[in-house]
Protein chains: 2
Amino acid sequence: MEAYKIIIIGGGAGGGTSAQFARKTNRRADVTVFEKGLYPQYSKCGLPYTISGVIPSADHLIEFNEEWFKKEKINLLLDTTVERINIDEHVVIAKRNKDEVEASFNRLILATGAEPFIPPIKNIMGKDGVINGAYTLRTIDDAKGIINTMKKSRSATIIGAGLIGLETAEALVKKGLKVCIVEALPRILANTVDEDISSVIAEEVNKHLRVYTNHIATEVNKEDDTIKHVVIKNKETNEEQVIPTDILIIAAGCKPEVSLAKQIGCRLGETGGIMVNERSETTVDGVYAVGDCTEYKDLITGAPILIGLGSIVVRQGIAAGVNAAGGSYTLPAGVLYTRTSRFFDLEVAAVGPTASTLERYNVSFVNGRFKGSSLPDYYPGGEPVIIKVGADEESGRLLYAQGVGCNAAQRINVYASAILKGMSVHEMKRLETAYAPPVAPTLDPLTLASDVCSMKLKRKR
Amino acid sequence: MEAYKIIIIGGGAGGGTSAQFARKTNRRADVTVFEKGLYPQYSKCGLPYTISGVIPSADHLIEFNEEWFKKEKINLLLDTTVERINIDEHVVIAKRNKDEVEASFNRLILATGAEPFIPPIKNIMGKDGVINGAYTLRTIDDAKGIINTMKKSRSATIIGAGLIGLETAEALVKKGLKVCIVEALPRILANTVDEDISSVIAEEVNKHLRVYTNHIATEVNKEDDTIKHVVIKNKETNEEQVIPTDILIIAAGCKPEVSLAKQIGCRLGETGGIMVNERSETTVDGVYAVGDCTEYKDLITGAPILIGLGSIVVRQGIAAGVNAAGGSYTLPAGVLYTRTSRFFDLEVAAVGPTASTLERYNVSFVNGRFKGSSLPDYYPGGEPVIIKVGADEESGRLLYAQGVGCNAAQRINVYASAILKGMSVHEMKRLETAYAPPVAPTLDPLTLASDVCSMKLKRKR
C-alpha cells in the first residue's frame, strides 16, 4: 500500500479543512501543514466581529488550535513560509525563522489564499506595506492592529462597499467612530445583489454612516506618521473632497496568491486563479488546490469564478483532503455562490449570479419580486422580507434568488437546493412550505416571488 | 363563450381561496359561496392564539371580510347550509334561516371541511353536541366559547397531543390555567415527528403542563351542568384517575365531511376523503373538491392521505379556483406534508412521512441526525437546532426531514424543495448553504444531518 505523504501549503480554512479531512479519511497518512502566519486555523469571516467586540477577542476565532493538530497527528508548522517547490523531486523548501525546512510529499494541496488588492492611492505605501493607520482585513494581526488604532481614533474611512467593507464599517460604528465608505461603483454590494435589493440595505446603512458611491480615494495625508486625511474624488464630476480620518481600511477585494502554483506549472484560469476540478485537482498530477487561490465554475453561467467565500473554501477543503488521502469526494459541477450577511440587524442573502452578471453573459431572464411579512397578517410580530428571483426566459429554470429581511438566509437556502436540482420557477411557486401562525405564512414570500416571476413568464408567451 | 357559473360549498380557507382564484382567473365568472357559519373566510390555524390573547380577538382572524367579497363580486351567502345537490340538473338546494335557496351551477367546488372526532367518553354528549364546558376547536365560535369559559376556569384538560392539542394547551397555560393533556398514544406528536424529535418537545412541554400519554378519557362528571372531573385510564394498567377540570377540549383529530360528495357520487378514497387529482377534480365531471374533505397522494409513499394542513388546503383552493374558472393549474403529483408549529418558543417542523409511516409501507431507509448550533461556535448567541433526515436505503433519495430549534421551519423548507426534486442525501450533504458569522455556520446543521445519513448509507454498502 502506498504511503500517503500529504503537504498542505496554507493553514487557513481551506488548508486546515483539507488536513482535517485527509486525517479523517486516512488514519495513517503523513499530513503536514505549512502556515506562514502565527495562528492555527481560524475564521477570517469572524474578524469584523472582533472589532465590534461582539466576539471578545481575535483569539476566539481559532477553530482548531495547535493542541488539536497535535492530537490529530497533523504536523502544523506555523511561521513557516514555503519558498519553492521542486515538483520533479516532490520536495517543498520553506523558511522557518532563519532555518530552511525541506519536506517531501506525494500529494500536495495548495491553499495559499489571496492577497488584498491595494488601490493606487498616493502615499498609501510605506516601507513595510501600507502606512501606519491604514489596514487591510485578512488576518488576526490586521484585526489586532485595527483594534489598537481604533482606541485613539474618532473617524474611519473604508475603501469598498462589499460584504467585508460593510461588515467592518458597522463594527466601527458600533465602537462609536464616525465612519464613511468610499465605493468606486454607483452603489453598495454591487457584486452581491441587484440594485433594488442593495437599495434596501443602503437605506438602513445610510442611517449610521456616510457612503460615497462613485468615488475613489486618490491620496492620503499624514502628520507625525499618522493618517490625517483621505482625499476622495467623484468619478463623474472629478470634484475632490478632503475627509479627516484617523484610520483607513481597505476592503477593495483581493487577488489570488498563485506564485507557487505558477512555479510548478499549475494552469491558471482567466480570472487569475488556479484552475481546479470537482475533485479540487489542479492540472498537475497529485497537486490539489483549494480556497481563495482557486477558480471554479459558476453552475449557472458555466464561466470561471474566483472562490471568495468561506463556505465554498471549506467544501473544497473537504474534497481535496478526502481525495488526497485516498478517498473519493466530488463537488457539484459548479458553485452556487450562496452568500449572506447581516447589517444593522438587516439580513441579506443571495444565491447565483446577479442580474448584471447574467446580462454580461447574454442570458435572457425574467424577474419576480415579492415583499411580504415573515408571519401571517393576523399574527403580531411579523417582520418584512423581500425575495427576488430570476428565471430563464426560455425554460423557466431558476437562475438566482436574493432576499433581504427576516430569515433571508434560510429562505435563500431553499432556492440553493432548488437551483442545484434545476427546478423551474413554475415548480417553486407550488412548493409546499411550512405554515403555522407563529412561524410562517400559508404562502411564504419565498414562493410568492416565484409566483410573480412565473406569471410574468407566462404573459410573455 | 361558455358562461361560468361556479358554486362553492364551504367558505373556509379552501372554499374562500377557490373563490378568490376563480375570480382572478375569470373576471366574468359567476361565483357563489355557500357557508353554513356566520363568518367569512378566516384562519382556523390562528384559533389557539386567540385563546392565549396573542391575537387580541377572534375577529382578527378574518382574512377576507364580506366587503372584500362584495368588491370582488363574489356572492357570499353566510349562515346558509346546503341540504342537497341535484347533480343532473346542476342545482344546489340550501337553507338560509328558514328560506330555501336554489342556485344552479356548471362548476361545483366542494370545500365542506371536516368534523371533529369525538371519542367515546361517557357523558360527553348533550342534546346539542358536546356538553357545556367541553369544546372542540374548529371554528371562531368554538374559540369564543373557550375564551368565555376559561375566564371562570382554573384547570383544563386537552384530549389529544397533536399539533392543535399542544397549541391549545400552551394557550391555556399562558392564561394561567393548570393544564393537562391526555394522549392515547405512547408519546406526543406521534403523527408529526419521530420519537427522538418529539421527545425534545416533550421535555419543554413537561415544564409547563402534565401530559398523560398512553391514557384515554373514559368519562366526564358534571355538577350544576358544569364539568367537574374527567376520568382517565391508563391503557396498559387500566388504572383510573379522576382529574378535576373546569374545561375540556377535544383535539383528537377529525373526519372529512363528505355527505354531499357521497350524495352526488364522488368517489371516496380509503381514508374516507373525497378523491381528487392534481387539478383538484373529483371523479364527477365539473365537480372539484378541496381541503379537509379530500384525500390526495403522499409524494413519498404514493398512498392516499387526508389533507389536514392549511398550507395544502390553500394550494388546492388555488388549483380548483383557477381550473373551475377556465384556467389551468396543476399541483405537484403528491403532497410533501410540510408542517410546523412552535411550542413554548421551540420551533418544530417536518416534511414527508414519519419513520413509522415508512415502516408501515415497508420502505427501507436510513436516518441521519445532527445537533448543532444556528451560528458558528465562536459567535455568541447561537441557538440549538436538531435536524434529522431519512433517505432511501437503495437509492439514497431523501424521503423526509424533521427539525427542532432555531429556524427549523425554513431549514425544513430546504428539504421540501430537495425532496420535491428527488434530491439524494449525497447531494444534500454537499449543498452550498449561506454562511456568515452572525447568520449561520459554514456547514449548516441542515446539511450535516445529510452528511451523517450519507456516511451511514455508504457504510452499509
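Since the structure is predicted, the reported quantities are computational estimates derived from the model, not experimental observations.

Caption draft 1: Structural view of helix H5 (residues 163-174) of chain B. All names here are of chain B. An ideal rise of 1.5 Å per residue puts 16 Å on twelve residues; H5 measures up with 17 Å between its terminal C-alpha atoms. Counting buried residues along H5, ten of its twelve residues qualify, which places the element largely inside the surrounding structure. Every buried residue of H5 is listed here: Leu 163, Gly 165, Leu 166, Glu 167, Thr 168, Ala 169, Glu 170, Ala 171, Leu 172 and Val 173. In the stretch just after H5, Gly 176 is the one whose phi turns positive, near 90°.

Caption draft 2: Seen up close, the pairing of strand S7 (residues 107-110) of chain B. Residues and elements named next belong to chain B. Burial along S7 is two-sided: the residues Arg 107 and Ile 109 and Leu 108 and Leu 110 are all buried. The pairing of strand S1 (residues 5-9) with S7 spans four bridges and is parallel. Pairing of Ile 7 across the sheet is with Leu 108, part of S7. Examined bridge by bridge, S7 and strand S21 (residues 287-289) share three bridges and lie parallel to one another. The residue of S21 that forms the bridge with Leu 108 is Val 287.

Caption draft 3: Inspection of the interface of chain B and chain A at higher detail. On the chain A side, the residues contacting the 64 residues of chain B number 64 residues. Carbon and sulfur atoms make up 61% of the area that chain B and chain A hide from each other, which totals about 5,400 Å². The interface formed by chain B and chain A contains two salt bridges. Scanning the region where chain B abuts chain A turns up 32 residue pairs in polar contact (both at pLDDT 80 or more).

Caption draft 4: Broad picture of the pairing of strand S18 (residues 247-250) of chain B. Residues and elements named next belong to chain B. Taking every second residue as pointing to the same face, both faces of S18 are buried, with Ile 247 and Ile 249 on one and Leu 248 and Ile 250 on the other. Here three bridges tie strand S11 (residues 134-136) to S18, and the two strands are oriented parallel to one another. Bridge pairing links Tyr 135 to Ile 249 in S18. Two strands pair when backbone bridges link them, and strand S12 (residues 155-159) and S18 are joined in this way by four bridges, in the parallel orientation. What sits directly across from Ala 156, in S18, is Ile 247.

Caption draft 5: Broad picture of the sheet that holds strand S6 (residues 99-104) of chain B. All names here are of chain B. The strand order S4-S5-S6 describes an open sheet built from three strands, whose pairing is antiparallel. Looking along the sheet, the strands with just one partner apiece sit at the ends: strand S4 (80-86) and S6. This sheet shows a mean twist of 25° between the axes of neighbouring strands, independent of strand direction. Two strands pair when backbone bridges link them, and strand S5 (residues 91-96) and S6 are joined in this way by six bridges, in the antiparallel orientation. Directly across from Lys 95, in S6, lies its bridge partner Glu 100.

Caption draft 6: Region of interest: the packing of aromatic side chains. Across all of its chains, the model carries ten aromatic pairs over all chains by this definition. Ring centres of Tyr 379 of chain A and Tyr 49 of chain B lie 5.4 Å apart, and the angle between their planes is 80°; on these two criteria the pair is classed as edge-to-face. On the criterion of chain membership, the pair formed by Tyr 379 of chain A in the loop between strand S26 (365-373) and strand S27 (384-392) and Tyr 49 of chain B in helix H2 (residues 47-52) is interchain, its members lying in two chains. Here Tyr 379 of chain A matches Tyr 49 of chain B in class, with each residue buried. Aromatic pair Trp 68 of chain B and Phe 69 of chain B: ring centres 5.1 Å apart, planes at 90°, arrangement edge-to-face.

Caption draft 7: The arrangement of the relation of the copies chain B and chain A in detail. Superposing chain B onto chain A takes a rotation of 180° plus a shift of 0.0 Å along the axis, which leaves an RMSD of 0.0 Å. The operation mapping one copy onto its partner corresponds to a two-fold rotation axis. The position closest to the rotation axis in chain B is occupied by the C-alpha of Val 414 of chain B, lying 2.1 Å away.

Caption draft 8: Region of interest: the sheet that holds strand S17 (residues 240-244) of chain B. All names here are of chain B. The three strands are arranged S15-S16-S17 in an open sheet whose pairing can be described as antiparallel. Among the strands making up the open sheet, the edge pair consists of strand S15 (215-223) and S17. In this sheet, neighbouring strand axes are inclined to one another by 25° on average, regardless of whether the strands run parallel or antiparallel.

Caption draft 9: View of the nonpolar core. Ranked by size, the top nonpolar core spans 74 residues in total, and within it Tyr 415 of chain A together with Tyr 415 of chain B carry the most contacts. Discounting residues that sit within four places of it in the chain, Tyr 415 of chain A has contacts with Val 351, Ile 387, Val 389, Leu 398, Ala 401, Met 428, Leu 446, Thr 447, Ala 449 and Ser 450 of chain A.

Caption draft 10: Main features of the pattern of salt bridges. With the rule as written, the count across this model stands at 30 salt bridges over all chains. Where Arg 369 of chain A meets Asp 196 of chain A, a salt bridge forms, and the shortest distance between an N and an O atom there is 2.8 Å. Of this pair, Arg 369 of chain A sits in strand S26 while Asp 196 of chain A sits in helix H6 (residues 195-205), placing them 173 residues apart in sequence. We classify Arg 369 of chain A as partly exposed; its relative accessible area is 34%. Across the salt bridge formed by Asp 196 of chain B and Lys 388 of chain B, the nearest N and O atoms sit 2.9 Å from each other.

Caption draft 11: Quick look at the packing of helix H1 (residues 13-25) of chain A against helix H8 (residues 310-324) of chain A. All names here are of chain A. Here H1 crosses H8 at 35°, and the two axes come no closer than 7 Å. The way H1 lies across H8 gives a crossing that is right-handed. Contact residues: Ala 13, Gly 14, Thr 17, Ser 18, Phe 21, Ala 22 and Thr 25 in H1; Val 313, Val 314, Gly 317, Ile 318, Ala 320, Gly 321 and Val 322 in H8. Taken together, the residues of the contact of H1 with H8 sort by class into eight nonpolar, six polar and no charged.

Caption draft 12: Highlighting the side chain of Thr 136 of chain A. Among the secondary structure elements, Thr 136 of chain A is positioned in strand S11 (residues 134-136). Given the relative accessible area of 11%, Thr 136 of chain A is considered buried.

Caption draft 13: Highlighting the packing of helix H10 (residues 408-420) of chain A against helix H10 (residues 408-420) of chain B. Interaxial distance between H10 of chain A and H10 of chain B falls to 8 Å at its minimum, and their mutual angle equals 15°. Classified by the angle their axes make, H10 of chain A and H10 of chain B are roughly parallel. Here the hand of the crossing between H10 of chain A and H10 of chain B comes out right-handed. Every residue of H10 of chain B that contacts H10 of chain A at Gln 410, Arg 411, Asn 413, Val 414, Ser 417 and Ala 418 of chain A is listed here: Gln 410, Arg 411, Asn 413, Val 414, Ser 417 and Ala 418 of chain B.

Thresholds applied
Residues numbered from 1 in each chain as written. Chains lettered and ligands numbered in written order. Predicted model: local features only at pLDDT ≥ 70, side-chain atom pairs only at ≥ 80, totals over all residues. Heavy atoms only, no water. Helix = DSSP H or I, 4+ residues; strand = E, 2+ residues; numbered from the N terminus. Expected span 1.5 Å × (residues − 1). Buried < 20%, exposed > 50% of the residue type's maximum accessible area, 1.4 Å probe, protein only. Pairing = 2+ DSSP bridges. Contact = heavy atoms within 4.5 Å. Buried area = accessible area lost by both parts, 1.4 Å probe. Salt bridge = Lys/Arg side-chain N within 4 Å of Asp/Glu carboxyl O. Polar contact = N/O pair within 3.5 Å; in protein donor to acceptor, adjacent residues only side chain to side chain. Axes fitted to C-alpha atoms, helices over the stretch in contact; angles between N-to-C directions. Phe/Tyr/Trp six-rings, centres within 6.5 Å; stacked < 30°, edge-to-face > 60°. Least-squares fit on C-alpha atoms with pLDDT ≥ 70 in both. Core = buried A, V, L, I, M, F, W, Y, C linked by side-chain atoms within 4.5 Å. Left-handed = near helix turned anticlockwise from the far one by under 90°. Nonpolar A, V, L, I, M, F, W, Y, C, P; charged D, E, K, R; others polar. Parallel < 35°, antiparallel > 145°, perpendicular 65-115°, else oblique.

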